[in-house]
Amino acid sequence: MAEKQSQWWKESVVYQIYPRSFQDSNGDGIGDLNGIRSRLDYLARLGIDVIWLSPVYKSPNDDNGYDISDYQAIMDDFGTMDDFDALLSEAHAKNIKIVMDLVVNHTSDEHPWFIESRSSKNNPKRDFYIWRDAKPDGTPPTNWGSCFSGSAWEFDEKTNQYYLHFFSKKQPDLNWDNPKVRDAVFDMMSWWCDKGIDGFRMDVISMISKPDIYQDSPTHGGLYGDSSITCNGPRVHEYLREMRQRVLSKYNLMTVGETAGVNLEEAKKYANANGTELNMVFQFEHVDLDSGAGGKWSKNPMSLIALKSNLSKWQNGLDGVAWNSLFFCNHDQPRVVSRLGDNSPVSAKAIATMLHMMQGTPYIYQGEELGMTNCPFGAIENYRDIETLNAYRELTESKQREPEELLSCIAYKSRDNARTPMQWDNSPNAGFTSGTPWIMTNPNYKTINAAAQINNPDSVFSYYQKLIALRHESDWKNIIIYGHYDLLSPDDPDIFAYTRELDGRKLLIICNFTAKSRRYTIPEEIKWQNYKSVISNINNNTLARELNLNPWEADVWELI
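Residues numbered from 1 in each chain as written. Predicted model: local features only at pLDDT ≥ 70, side-chain atom pairs only at ≥ 80, totals over all residues. Heavy atoms only, no water.

Novice: Sorry if this is basic, but what is going on with the environment of Asn232 here?
Specialist: With respect to the element layout, Asn232 can be found in the loop between β9 (199-202) and α6 (236-246). On the accessibility criterion, Asn232 (17% relative accessible area) is buried. Taking C-alpha positions, Asn232 is 11 Å from Glu265, a pair spaced 33 residues apart along the chain. Discounting residues that sit within four places of it in the chain, Asn232 has contacts with Ser206, Ala260, Gly261, Val262, Glu266 and Tyr270. Here Gly261 takes part through its backbone oxygen, which lies 3.0 Å from a polar atom of the side chain of Asn232. (Helix = DSSP H or I, 4+ residues; strand = E, 2+ residues; numbered from the N terminus. Buried < 20%, exposed > 50% of the residue type's maximum accessible area, 1.4 Å probe, protein only. Contact = heavy atoms within 4.5 Å. Polar contact = N/O pair within 3.5 Å; in protein donor to acceptor, adjacent residues only side chain to side chain.)

As structure tokens, then:
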């Protein structure tokens, strides 16, 4: 049993690495573990505390590693277990922790468990997965749709039944109702913890408990039933409490659940302050605000008023009872500087200021600290993401969307925008590889790259360094991490302003989220006799009741 379950994760800044796109060490065009090792000094210089490592387990790569065929082996593309051990050791030597991506809602169809499961109805592992007979008319057991397009059911001719897969057909869902599945998962988790890792990010963990009754769900005008039917199922909290008791409580870990479909009340159960389940969750309401009639595949601008309302709901709702994850970017989201900003460095800094001054644990996705942008992929043939390619095929073949119009939405929203190679310098392929990269490099790497920024005090990188340092070393550390949040001017369409307060001290944060100058009057209830500038993305140190804000200006002051 760990001597003390400290809450070190509350005071940490996490950096997500997508290994395939971070750094290639052997010239095969694919990032790897030794490549990550070679860049640890860069991460230490940035100041982060934790690496969240997207999956590096053995995988046939149908969904870039989220389809796992062996949980206790390393994917050949990424290296060996010795390489992983060296990375873990060197990271720890630099006071950087490593959190693994735990993918246990599903496995690969090439995992030995599934190979056995599909071999016969009588196999001992048959019940490791979810098998059902067809409806009387021969159609799938329910109308549920996969998150990657098509039916969530795949017919298996050998045993004349369907198996459930809420993602790719090569990602069959595990049957968590089977205690032997839970035993196997918990044993695997303990094996990694004993190796010395520092926690888990849990992929779609809100989906592990399936509904008690398998029946059709509403289609909402689409081709298939709503897959959210499986989110926050009847025994999900029971299973996570069991996980906590049998594994997590024995180590001093950071745990964060990817909880699709979660609401505020459910989040309080997953990430409650009593620590019975997880430390925190990823909720997705704020990054779904720009969905439109076409669902994800739209080009709707994100309303700042709606964004302020949503983030404020989570800041206030979890204060004192649970803990927030602060993020805009990850491997599943397009680049926020192209989505909420205007691709400029100053807008990247404004977005970062707004997020990093909130209560919660900040997550930085690789390249976000450089202001990396969406990529002009052009033709559909340049994309690699299974979700993107499946959606394009299904929606154009069914005549639901016109190819040109859909492609423009894909350019805006595809997950591949986050997966282009990390932009290290202005050499060929951005210094990512000496070979041919597995996915195209964003052509703006010649101007947006780490080498150009790490010694430039006005760069996006240097600004992120300052934001991280404020959480670690500054006189304002406790207010930034633990202070209470209060939104100002909720109906202003351009300005995101709020306060943080703790133990009689108050910070004022004001961000202009437009590419135009704005005059802003600080509400009368906000009082000060003196002030200190904490950080500003345009070096404005002067506070007044009437402010003339530059485009994308972001300022933080302590009110005294």
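Novice: Honestly, the sheet that holds β9 in this entry has me stumped. Any pointers?
Specialist: Adjacent strands of a sheet form backbone hydrogen bonds with each other and so pair up, either parallel or antiparallel. Taking strand neighbours across the sheet as the criterion, the 8 strands line up as β11-β10-β9-β5-β2-β1-β13-β12 in an open arrangement whose pairing is parallel. The sheet is open, and its two edges are formed by β11 (280-282) and β12 (325-326), each paired on a single side. Bridging between strand β5 (residues 97-102) and β9 involves 3 bridges; their strand directions are parallel. Within β9, the residue paired with Asp101 across the bridge is Arg201. In the packing of helix α5 (residues 179-195) onto the sheet, the strands contacted are β5 and β9, and the crossing angle to β9 comes to about 135 degrees. (Pairing = 2+ DSSP bridges. Axes fitted to C-alpha atoms, helices over the stretch in contact; angles between N-to-C directions.)

Novice: How should the pattern of salt bridges be read in this particular structure?
Specialist: Pairs may arise between side chains of opposite charge once their charged atoms sit close together. Scanning the model with the defined rule gives 40 salt bridges in all. Of the charged contacts in the structure, one is a salt bridge between Arg505 and Glu558, with a shortest N-O distance of 2.9 Å. Separated by 53 residues along the polypeptide, Arg505 in strand β16 (residues 505-512) and Glu558 in strand β20 (residues 554-559) bring together distant segments of the chain. Here Arg505 falls in the partly exposed class, since its relative accessible area comes to 25%. Within this structure, Asp63, Lys296, Asp332, Asp385, Glu387, Arg415 and Arg419 form a network of salt bridges that share partners. (Salt bridge = Lys/Arg side-chain N within 4 Å of Asp/Glu carboxyl O.)

Novice: Mind showing me how you'd approach the pairing of β9 here?
Specialist: It is a general feature of regular strands that their side chains alternate between the two faces of the sheet. Burial of β9 is two-sided: the residues Gly199 and Arg201 facing one way and the residues Phe200 and Met202 facing the other way are all buried. Note that the unit made of β9, α6 and strand β10 (residues 254-258) has a crossover that is right-handed. (Right-handed = clockwise from strand over helix to strand, strands pointing away.)

Novice: I would appreciate a short explanation of the sheet that holds strand β18 (residues 531-536) in the present structure.
Specialist: Read across the sheet, 5 strands follow the order β14-β15-β16-β20-β18 without closing on themselves; strand pairing throughout is antiparallel. At either end of the open sheet lies a strand with only one pairing partner, and these are β14 (484-488) and β18. Sheet twist, expressed as the mean angle between neighbouring strand axes with direction ignored, is 20 degrees. Note: β16 against β20, 6 bridges, orientation antiparallel. The residue bridging Ile509 from the neighbouring strand is Val556, located in β20.

Novice: I would appreciate a short explanation of the state of the cysteines in the present structure.
Specialist: Disulfide: a covalent bond formed between the sulfur atoms of two cysteine residues. A complete count under the given rule lists 0 disulfides for this structure. Cys147 takes part in no disulfide bond, and the closest cysteine sulfur, belonging to Cys231, lies 7.4 Å away. No disulfide involves Cys329; its sulfur sits 15 Å from the nearest other cysteine sulfur, which is in Cys375. (Disulfide = S-S within 2.5 Å.)

Novice: What should I look at first to understand the packing of α5 against α6 in this one?
Specialist: Where α5 contacts α6, the axes come no closer than 11 Å and their chain directions differ by 40 degrees. In terms of orientation, α5 and α6 fall into the oblique class. Of the two possible hands of crossing, α5 and α6 adopt the one that is right-handed. Across the interface between the two elements, Arg182, Asp183, Phe186 and Met189 from α5 touch Tyr239, Glu242, Met243 and Arg246 from α6. The residue inventory of the contact of α5 with α6, partitioned by class, reads 4 nonpolar, no polar and 4 charged. (Parallel < 35°, antiparallel > 145°, perpendicular 65-115°, else oblique. Left-handed = near helix turned anticlockwise from the far one by under 90°. Nonpolar A, V, L, I, M, F, W, Y, C, P; charged D, E, K, R; others polar.)

Novice: Please explain the nonpolar core as it appears in this structure.
Specialist: If you look at soluble globular proteins, the nonpolar side chains tend to sit buried side by side. Among the nonpolar cores identified, the biggest contains 154 residues, and Leu53, Met189, Phe200, Met354 and Phe496 are the most heavily contacted of them. Ranked by residue count, the leading element in this core is α5, at 8 residues. When sequence neighbours within four positions are dropped, the list of residues in contact with Leu53 reads Ile17, Pro19, Leu33, Ile36, Phe84, Leu87, Ile98, Val99, Met100 and Asp101. (Core = buried A, V, L, I, M, F, W, Y, C linked by side-chain atoms within 4.5 Å.)

Novice: Before we go on, may I ask you to explain α5 in this structure?
Specialist: Between its terminal C-alpha atoms α5 stretches 25 Å, which fits the 24 Å expected from 17 residues at 1.5 Å a residue. Every buried residue of α5 is listed here: Val181, Arg182, Ala184, Val185, Phe186, Met188, Met189, Ser190, Trp192 and Cys193. Put simply, Asn178 is the residue that caps the front of α5, since its side-chain oxygen is 2.9 Å from the backbone nitrogen of Lys180. (Expected span 1.5 Å × (residues − 1).)

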